[in-house]
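# Residue-level structural notes
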Amino acid sequence: MMPPLPPSKLQFDPDGRLHHFLTIEGLKRQTLTEILDLADSFLDSEGKSIKKLPLLRGKTIVNLFFESSTRTLTTFELAALRLSADVLKINIETSSASKGESLLDMLHNLEAMQCDMFVIRHAQSGAAQFIAHHVAPHISVINAGDGRHAHPTQAMLDMLTIRRHKPNFGALKVAIVGDVLHSRVARSQIHALTTLGAAEVRVIGPKTLIPNSVQQLGVHIFHDMAEGLNGVDVVIMLRLQRERMAGALLPSEKEYFKLYGLTDEKLALAKPNAIVMHPGPINRGVEIASSVADGPQSVILEQVTNGIALRMAVMSMVLGRGPLNPTVEENS
Ligand code: CP
């Protein structure tokens, strides 16, 4: 039997078109830029996504969320509606999964209803890739977050938000702060930032939450906020993912906030025009002070708004309404 294709290859069809969107790892800068440019074209002059386009009329998109979500689920749904697709949300709790139906049987039954795309969130790393291996060839799979592995549309909406404030990635120093160990968002952001040519990507956090292996992705590790935030253009805060922590990795939330919580005093160490980001959900007083989350440098709610246009771009590209991949090499 042939070994399964890695996700970086699996996501292209034989013509070099993006067919699934599973990970940013392995994508070329030109592909990421095309996604960002297309997303920008879906934003109006006020930065709001265009209300209705006929690009995916007649297509059926199914949201399968095995983990809870507010932002990702809702913005995928809004993006599908704004592209004129039919969109369904499967309620996993009331589906026949609760009667013992396997994931693959569920998917094959949804395929029989002539769906065109599955948007998957799952607690298991690799779940979206597994599903992409097993669905019918005409179906596209989008990873809406799998375990600790990847959250590629979140990272791309973050890149869109950064680019709209600071267009030259080559001049940017970016700090990602907090629970990198459990963060699929951080992993995808690091791949996106390094591919787009960011001048420096730093990760900051306690030793228990920063795996040494992250250095292999081309980032600099800091354990001290004052050193790590010094002179950065972008500060990305991460939530402590208690639900993924097996043991006691932290002394207390109060102690964590004292050392790593983003306050106005700590933010003053970054460049004066630095932007503050967070993928959400935010935990006020744990990783970020309310005065910063709601303050003038915060673009946290802009990230959410940009999520609609970015997801419109990815969905229209994978369903064949976007530009060709720059080279077929990525698929060879
Ligand atoms: N950022 C993010 O993935 O948020 P949700 O879990 O609410 O979708």
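Residues numbered from 1 in each chain as written. Predicted model: local features only at pLDDT ≥ 70, side-chain atom pairs only at ≥ 80, totals over all residues. Heavy atoms only, no water.

Bringing the pairing of strand 8 (residues 234-237) into the picture now. The side-chain alternation of strand 8 yields two buried faces, one formed by V234 and I236 and the other by V235 and M237. The sheet contact formed by strand 5 (residues 173-177) and strand 8 spans 4 bridges and is parallel. Across the sheet, the residue bridging to I176 is I236, located in strand 8. (Buried < 20%, exposed > 50% of the residue type's maximum accessible area, 1.4 Å probe, protein only. Helix = DSSP H or I, 4+ residues; strand = E, 2+ residues; numbered from the N terminus. Pairing = 2+ DSSP bridges.)

Pairing in this open sheet of 4 strands is parallel, and the strands run 2-1-3-4 from one edge to the other. Bordering the open sheet on either side are strand 2 (86-90) and strand 4 (140-146), each of which pairs with just one other strand. For this sheet the average axis-to-axis angle between neighbouring strands, irrespective of direction, equals 15°. Pairing of strand 1 (residues 60-65) with strand 2 involves 5 bridges; the strand directions are parallel. Its bridge partner being in strand 2, I61 is matched across the sheet by V87. Helix-sheet contacts for helix 4 (residues 103-112) involve strand 1, strand 2 and strand 3 (117-122), and the interaxial angle to strand 1 is about 160°. (Axes fitted to C-alpha atoms, helices over the stretch in contact; angles between N-to-C directions. Contact = heavy atoms within 4.5 Å.)

Frequently, the measure chosen for interface size is the accessible area removed from exposure when the parts meet. According to the domain assignment, the protein chain consists of domain 1 (7-150 + 305-320) and domain 2 (152-303). Taking only C-alpha atoms, the centre of domain 1 and the centre of domain 2 are 25 Å apart. The partner domain 2 presents 29 residues to the 38 residues of domain 1 that form the contact. Approximately 2700 Å² of surface area, both sides summed, lies buried where domain 1 meets domain 2, with 57% of it carried by carbon and sulfur atoms. Three residues, I24, L36 and R148, lead the burial of domain 1 against domain 2; their summed loss comes to 26% of the area buried on that side. Connecting domain 1 to domain 2 are 4 salt bridges. Across the salt bridge formed by D40 and R164, the nearest N and O atoms sit 2.5 Å from each other. Taken together, the connections running from domain 1 to domain 2 amount to 16 residue pairs in polar contact (both at pLDDT 80 or more). (Domains from an automatic or database assignment. Buried area = accessible area lost by both parts, 1.4 Å probe. Salt bridge = Lys/Arg side-chain N within 4 Å of Asp/Glu carboxyl O. Polar contact = N/O pair within 3.5 Å; in protein donor to acceptor, adjacent residues only side chain to side chain.)

Let's shift gears to the sheet that holds strand 6 (residues 200-204). Sheet architecture is open: 5 strands sit in the order 7-6-5-8-9, paired in parallel fashion. Looking at which strands have only one partner, the edges of the open sheet turn out to be strand 7 (220-222) and strand 9 (275-277). This sheet shows a mean twist of 20° between the axes of neighbouring strands, independent of strand direction. Along the sheet face, helix 7 (residues 184-195) touches strand 5, strand 6 and strand 8 and points at about 170° away from the line of strand 5.

This paragraph deals with the side chain of H191. Inspection of the secondary structure puts H191 in helix 7. Apart from residues lying up to four places away in sequence, H191 is in contact with I24, E25 and L217.

Attention now moves to the environment of I24. By the element assignment, I24 lies in the loop between helix 1 (7-10) and helix 2 (29-41). You can call I24 buried: its relative accessible area is 1%. C-alpha of I24 to C-alpha of L262: the two residues are 238 residues apart in sequence and 28 Å apart in space. When residues no more than four places from it in sequence are discounted, the contact partners of I24 are L32, P152, A155, M156, S188, H191 and A192.

Looking now at helix 2. A rise of 1.5 Å per residue sets the reference length of helix 2, with its 13 residues, at 18 Å; its end C-alpha atoms lie 18 Å apart and thus fit the reference within 8%. Turning to helix 2, its buried residues number three or more, namely T31, L32, E34, I35, L36, L38 and A39. (Expected span 1.5 Å × (residues − 1).)

As a packed pair, helix 4 and helix 5 (residues 127-134) sit with axes 11 Å apart at the nearest point and diverge in direction by 50°. Here helix 4 is positioned oblique relative to helix 5, judged by the angle of their axes. In terms of crossing hand, the pair formed by helix 4 and helix 5 is right-handed. Every residue of helix 5 that contacts helix 4 at L103, L104, L107, H108 and E111 is listed here: F130, I131 and H134. Its residues assigned to classes, the contact of helix 4 with helix 5 shows 5 nonpolar, 2 polar and 1 charged. (Parallel < 35°, antiparallel > 145°, perpendicular 65-115°, else oblique. Left-handed = near helix turned anticlockwise from the far one by under 90°. Nonpolar A, V, L, I, M, F, W, Y, C, P; charged D, E, K, R; others polar.)

Bringing the site of the ligand into the picture now. What surrounds the ligand is the set S69, T70, R71, T72, R121, H151, Q154, P279 and G280. In the model, an oxygen atom of the ligand is placed 2.8 Å from a nitrogen or oxygen of the R121 side chain. Look at the ligand: alone it shows 250 Å² of surface, and the protein chains cover 91% of it. Along the lines of polarity and charge, the residues of the shell around the ligand split into 1 nonpolar, 6 polar and 2 charged. The residue makeup of the shell around the ligand includes at least three contributed by each of domain 1 (7-150 + 305-320) and domain 2 (152-303). (Near = heavy atom within 4 Å. Areas by Shrake-Rupley, 256 points an atom, 1.4 Å probe, with all protein chains shown as cover.)

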